[in-house]
Each structure stands twice: as C-alpha cells, then as structure tokens.
Amino acid sequence: MRFTERLSSKTIFLAPMAGVTDAAYRMVARSHGADLAYTEMVSVAGIHYRSEKTWELVMPHADEPDIAVQLFGSSPDQFEEAAAQVAERVGEKLACIDINMACPVPKVIRKGEGSALMDDPVRAAQIVRAVRRGVGDTVDVTVKIRRGHTAKHELAPAFAQVIEDAGAAAIAVHGRFASQLYRGAADWSCVERVADAVDIPVIGSGDLLDAATVARVLTEGRVPAVMVARGSYGNPWIFEDAKALLGGRAATEHDAGERLDVLEEHIELLVATGAHLARARSLFGWYMRGLPHAAELRARGMACTTLEDYLSLIANARQRFS
Ligand SMILES: Cc1cc2nc3c(=O)[nH]c(=O)nc-3n(C[C@H](O)[C@H](O)[C@H](O)COP(=O)(O)O)c2cc1C
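No experiment lies behind these values; they were computed from the predicted model shown.

Here the focus is the overall build of the chain. When helices and strands are counted, the chain shows 15 helices and eight strands. The globule rule puts the C-alpha radius of gyration for 322 residues at 20 Å, and the 20 Å found for the chain is close to it. The dimensions of the chain, computed from C-alpha atoms along their principal axes, are 60 × 45 × 35 Å. Burial status across the chain gives 48% buried among its 322 residues.

Among the nonpolar cores identified, the biggest contains 102 residues, and Phe13, Ile171, Val214, Val226 and Val228 are the most heavily contacted of them. A domain-level breakdown of this core finds at least three residues from each of domain 1 (3-246) and domain 2 (256-321). Apart from residues no more than four positions distant in its own chain, Val226 is found in contact with Ile12, Ile203, Gly204, Ser205, Leu208, Val214, Val217 and Leu218.

Further remarks concern the packing of helix α13 (residues 279-288) against helix α14 (residues 294-302). Running from N to C, α13 and α14 cross one another at 170 degrees; their axes reach a closest spacing of 9 Å. In this view, α13 runs roughly antiparallel relative to α14, as classed from their interaxial angle. Judged by residue contacts, Arg281, Phe284, Gly285 and Met288 of α13 engage Ala294, Leu297, Arg298, Gly301 and Met302 from α14. Looking at the contact of α13 with α14 residue by residue, the classes come out as five nonpolar, two polar and two charged.

Inspection of the secondary structure puts Ile200 in the loop between α9 (188-197) and β7 (202-205). Taking the C-beta count within 10 Å as the criterion, Ile200 has 20 such neighbours and is therefore assigned buried. Taking the C-alpha atoms as reference, Ile200 lies 48 Å from Ala303; in sequence the two are 103 residues apart. Aside from chain neighbours lying at most four places away, what touches Ile200 is Glu164, Ala168, Ala169, Ala170 and Ile171.

So, on to the pairing of strand β8 (residues 225-228). Residues of β8 alternate between two faces, with Ala225 and Met227 on one and Val226 and Val228 on the opposite face, all of them buried. Here strand β1 (residues 11-14) pairs with β8 via four bridges, running parallel. If you follow Thr11 over to β8, its bridge partner there is Ala225. Note: β7 against β8, three bridges, orientation parallel. The partner of Ile203 across the bridge, within β8, is Ala225. Following the backbone out of β7, through helix α10 (residues 211-220) and into the adjacent parallel β8, one traces a crossover that is right-handed.

This next bit is on the site of the ligand. As a structural note, the neighbourhood of the ligand is formed by 23 residues, with Ala15, Met17, Met41, Ala229 and Arg230 the closest of them. When grouped by side-chain class, the residues that make up the shell around the ligand number twelve nonpolar, seven polar and four charged.

A few words on helix α5 (residues 76-90). Between its first and last C-alpha atoms α5 spans 21 Å; for 15 residues at 1.5 Å apiece the expected length is 21 Å, and the two agree. For α5, the set of buried residues is Pro76, Gln78, Phe79, Glu80, Ala82, Ala83 and Val86. Against α3 (44-48), α4 (52-58), β3 (67-72), β4 (94-101) and α7 (121-135) lie the buried residues of α5. Two residues or fewer past α5, Gly91 is found with a positive phi of approximately 60 degrees.

Below, the discussion takes up the packing of helix α12 (residues 256-272) against helix α15 (residues 307-321). Two elements in contact, α12 and α15, have axes whose closest approach is 10 Å; the angle formed by their N-to-C orientations is 175 degrees. Taken together, the axis directions place α12 and α15 in an arrangement best described as roughly antiparallel. Here α12 contributes Ala256, Gly257, Leu260, Leu263, Glu264, Ile267 and Val271 to the contact with α15, which in turn contributes Leu307, Tyr310, Leu311, Ile314, Ala317, Arg318 and Phe321. Looking at the contact of α12 with α15 residue by residue, the class counts come to eleven nonpolar, one polar and two charged.

Here we come to the domain arrangement of the chain. Taken domain by domain, the chain comprises domain 1 (3-246) and domain 2 (256-321). For the side of domain 1 that touches domain 2, the residue count by class is six nonpolar, two polar and one charged.

Around the barrel, which closes on itself, the eight strands sit in the order β1-β2-β3-β4-β5-β6-β7-β8 with parallel pairing between neighbours. Direction aside, neighbouring strands of the sheet carry axes that sit 30 degrees apart on average. Of the strand pairs in this sheet, strand β5 (residues 140-148) and strand β6 (residues 170-177) are connected by six bridges, and their pairing is parallel. Of the residues in β6, the one forming a bridge with Gly148 is Phe177. Its contacts with the sheet put helix α2 (residues 23-31) on β1, β2 (36-43) and β3, and the angle it makes with β2 is roughly 160 degrees. Along the sheet, α10 contacts β1, β7 and β8; its crossing angle with β8, the most-contacted strand, is approximately 160 degrees.

Conventions we followed
Residues numbered from 1 in each chain as written. Predicted model: local features only at pLDDT ≥ 70, side-chain atom pairs only at ≥ 80, totals over all residues. Helix = DSSP H or I, 4+ residues; strand = E, 2+ residues; numbered from the N terminus. Rg over C-alpha atoms; globule rule 2.2 N^0.38 Å. Buried ≥ 20, exposed ≤ 12 C-beta atoms within 10 Å, placed from the backbone. Core = buried A, V, L, I, M, F, W, Y, C linked by C-beta atoms within 7 Å. Domains from an automatic or database assignment. Contact = placed C-beta atoms within 7 Å. Axes fitted to C-alpha atoms, helices over the stretch in contact; angles between N-to-C directions. Parallel < 35°, antiparallel > 145°, perpendicular 65-115°, else oblique. Nonpolar A, V, L, I, M, F, W, Y, C, P; charged D, E, K, R; others polar. Pairing = 2+ DSSP bridges. Right-handed = clockwise from strand over helix to strand, strands pointing away. Near = placed C-beta within 6 Å. Expected span 1.5 Å × (residues − 1).

As structure tokens, this is what we get:
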C-alpha cells in the first residue's frame, strides 16, 4: 500500500526516535496497533561511507511487515545515493523514506543537518528532489519538520509549501521550535496552520502522551494521522487503546502481570534482533513506571547485565504482584 493511502483514515504511527525505535521496539509497537513504525534517524553520510552500523539501523527484521526509514544529512548527492540504496536493500518492505528536518541536537545542526535545513529552504527542496530521484516513482518521500528554529519565529507553514512544491507526499510537524528541544508544550495550532498552507497530508506530533489525547487529536483536529513518540515508553498499548477509544469502546487496563509479560517479550526481542542489551535498562524503567515498588525494581534493573538477570528479576517481580 502506498504511504499516502495509509493516511486516508485515522492513522497512528510510531514516531522516529534515535536510540529507541530499533527493530524490537518497532515490532512491539506494531503488534499493539501502530499502523507503521519509523526507524531511528539514519545518517546518509554513514551510508555513503558504507558503515555496517548504519545499515543495522535501516534493515527491517524478517518479522516486520514494513518500515518507514528516516534519513538525515545535508548533502543532496548523499541523500540521493542513500535513498537509492535503501530502496534497493529494503525493497518491498519500504513504506516511505522520511527526511529529518526536525532534529534540534547541536552537533547535528552545526553540520547544517536536521532542523538547520529549515533555515535553508533551497537546499531542503534540493534534498527532497534528490531523494525522489533516488527512490524513483514507487516509494513516497515525506519530510518531518518543527515549528522553526528560534522561538517566536514560526517557519513551518511557508517551509511546508516549499517541501510540497519539491514533491513531498506528506509532511510531519512537531509543534515545537528546535530551540525548545522538548521543553514547553507542543503547539498544535501550528500543525493546523501547516495543514491550511499545503494540500498534502499532514501528520501531527507532540505531547501525545496517552491514548485519550491521541484519540482526541484525531477526532477534533484536522490531521489524518499522528505520530506517538514518548507516549509509547513502557506503553505500547497506547496505539490499540487509542483505536478502541476512536471506535467508541473503552481503553483496557494493563495490570502488572500484562506489563511484565510484554516487557519480557520486548527484552527477548532485543536479543533476537541482535540489539545491545543495554537498551533493556531504559525499557525496564519505563514498563515499571507507576507500579508498586517501581523505584526498587528499577534500581535492581540497573544492575542487570545478562538476559538471565532480567528474566529472573521479571520472574521475581511477577511473584510479588501475583
Ligand atoms: C529520545 C528521542 C529521540 C528522538 N529521535 C528522533 C529522530 O531520530 N528523528 C525525528 O524526526 N524525531 C525524533 N524525535 C522526536 C519525536 O519523533 C517526536 O516528534 C517528539 O518527541 C514529539 O513527540 P512527543 O512529545 O509525543 O514525544 C525523538 C524524540 C525523542 C524523545
């Protein structure tokens, strides 16, 4: 299915998150209702220099239905080359290539990458055209942006028009300025202003931290799709719960036993997909949030170093909660 066809109904994606949305994370989100999941941002320079580590971020696991691959960089030539290689290697499983023009991290911006591209619309348009050349006509190209760079100086609506003219099929908007990082509240009226400014579909992002908020934005807002990022931490049910609410049903409670079951499955998937087990530490903390003895369990989770350590701690926690 073309990426834009997915956006015709109320669609909920797992947003790209560097250091988080590896294959295991994406698979857990998909199995709980995410309509599509994005990779972590992938460096086009890394692909140019043939870094195997970079390709590990790109390639879907055999059990993943399909993925959105997000690329970042600043050289249109490198974008074209990377897009062509990603399309070739990922093949049928490539749902779209998304271009990161949103990242606020200083070491990224200093190189003219991520949200710095919002200050350089000429280059941004060249990059969209380059990626389109790289993938050909069969794969949709999308762009993710922020409100702009510096607070009070909103670039997003005019910038989105440049991106649309360059041939992007959809645009994702995180309603914060890059200078805010993740501080303050996301401004959803900016997402609406972008939707007013362009004819392509707009995907909203920012502060979708629980299922009720996701359902409300998709009911009351004008966007056909949203991306959930931090709201999925330890709560992969956010996708299916939001869909239940959208369908007029109640969201389900997820008790300690269910949380521990999915945590265990998630950690086992980390191992099965060859990810670094260090990622289990934050997962452990996220899934424990709000449970009794969470602080103590989190502290014990920090001391785990092997899969067996985690499994025995989870078994121990299960006994306590049964
Ligand atoms: C740890 C972390 C890593 C992120 N990495 C990326 C990334 O690689 N690419 C991107 O476009 N956005 C990235 N984001 C931004 C999210 O995709 C999302 O737009 C943002 O967190 C706002 O959504 P939220 O308030 O629901 O978390 C990241 C966010 C977090 C918290």
